[in-house]
Amino acid sequence: IKFWKVKQSENDQIMFDSQSSITSVGLTPDKTKLVFSTENKKISFWNIERSEIEWSSDAQPESVSVVAVTIDNKTIFFNSVRTIKCWSVETNSEEFTLSGETGEISNIVLSADKQHLISYSGDRTIKVWDIEKR
């Protein structure tokens, strides 16, 4: 993972050199950590200031390509084939799974009120999930 100075089109620094291919990357809402998934089916938080892995999940059963994080950095949502998993960072365990997609999930977005998750998938549908009602 590298940081780039957009205006100069040059590399600022290498943040992390993974032993496995990176499948998705994002910035936590507080902009202090990178959240990324790798081909070896792990999800990790990289602390930008300290330049170290702060947290890493157990390996997932499927490859992860989409990740969304709550504003408090305590919960991660990610795709697993045609489902969305909710993962607790504090307990390092699955809280629940959202099922019902018929295509591979392309993206996940958490609403500002943290009550809804929006996903779109390869079957050309957009779904709005009520997290509380699941």
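In the block above lies the structure referred to throughout.
Position numbers for residues start from 1 in each chain and track the written sequence from start to end. Per-residue local features are limited, in this predicted model, to residues with pLDDT of at least 70; the limit for side-chain atom pairs, both in listing and counting, is 80 or more; totals at the level of whole chains, interfaces and linings are taken over all residues. In computing side-chain values, all of the structure's heavy atoms are included and hydrogens and water are not.

## Examining the overall build of the protein chain
Short version of the rule: Working definition: helices are DSSP H or I runs of at least four residues, strands are E runs of at least two. Numbering for both runs from the N terminus. Three labels apply to residues, based on accessible area from a 1.4 Å probe with only protein chains included: buried if under 20% of the type maximum, exposed if over 50%, partly exposed otherwise in between. The contact definition used throughout considers only heavy atoms, calling two residues in contact when any of these lie within 4.5 Å. Method for areas: the Shrake-Rupley scheme with a 1.4 Å probe, in which residue coverage is limited to the protein chains shown.
Secondary structure assignment for the protein chain yields 0 helices and 13 strands. A buried classification covers 40% of the 134 residues belonging to the protein chain. Here the contacts in the protein chain between residues at least 6 apart in sequence split such that 28% fall between residues at least 24 apart. Counting only carbon and sulfur atoms, one obtains 48% of the accessible surface of the protein chain, whose full area is about 7,800 Å².

## Here's the deal with the nonpolar core
The criterion, for reference: Buried Ala, Val, Leu, Ile, Met, Phe, Trp, Tyr and Cys residues form a nonpolar core when they are joined through side-chain atoms within 4.5 Å.
The biggest cluster of nonpolar side chains holds 13 residues, and the ones touching the most others in it are F77, I84, F96, L98, I108, L117 and I131. For this core, the secondary structure elements donating two or more residues are β9 (83-88), β10 (93-99) and β11 (105-110). The element that contributes the greatest number of residues to this core is β11, accounting for 3 residues. Filtering out sequence-adjacent residues up to four positions away, I131 remains in contact with F77, F96, L110, K114, Q115, H116 and L117. With 11 residues, the next largest nonpolar core counts V64, V67, I76 and W87 among its residues.

## Some details on the sheet that holds strand β4 (residues 33-38)
Note the cut-off: When DSSP locates at least two bridges between a pair of strands, those strands are taken to pair. A fitted line through C-alpha atoms serves as each axis, taken over the contacting stretch for helices, and the angle formed by two N-to-C directions is quoted from 0 to 180°.
Here we have 4 strands laid out as an open sheet, ordered β3-β4-β5-β6, and antiparallel in their pairing. Each edge of the sheet is formed by a strand with only one pairing partner; in this case those strands are β3 (22-27) and β6 (52-56). Shown here is a sheet whose adjacent strand axes are inclined to one another by a mean of 25 degrees, direction ignored. Taken together, the 5 bridges between β3 and β4 define a ladder with antiparallel strand orientation.

## Considerations on the sheet that holds strand β8 (residues 75-80)
An order of β7-β8-β9-β10 is seen for the 4 strands of this open sheet, with the pairing classed as antiparallel. Each edge of the open sheet carries a strand with a single partner, namely β7 (67-69) and β10. Averaged over neighbouring strand pairs, the angle between their axes works out to 20 degrees when direction is ignored. Two elements, β8 and β9, share 6 bridges in a ladder whose sense is antiparallel. If you follow N79 over to β9, its bridge partner there is I84.

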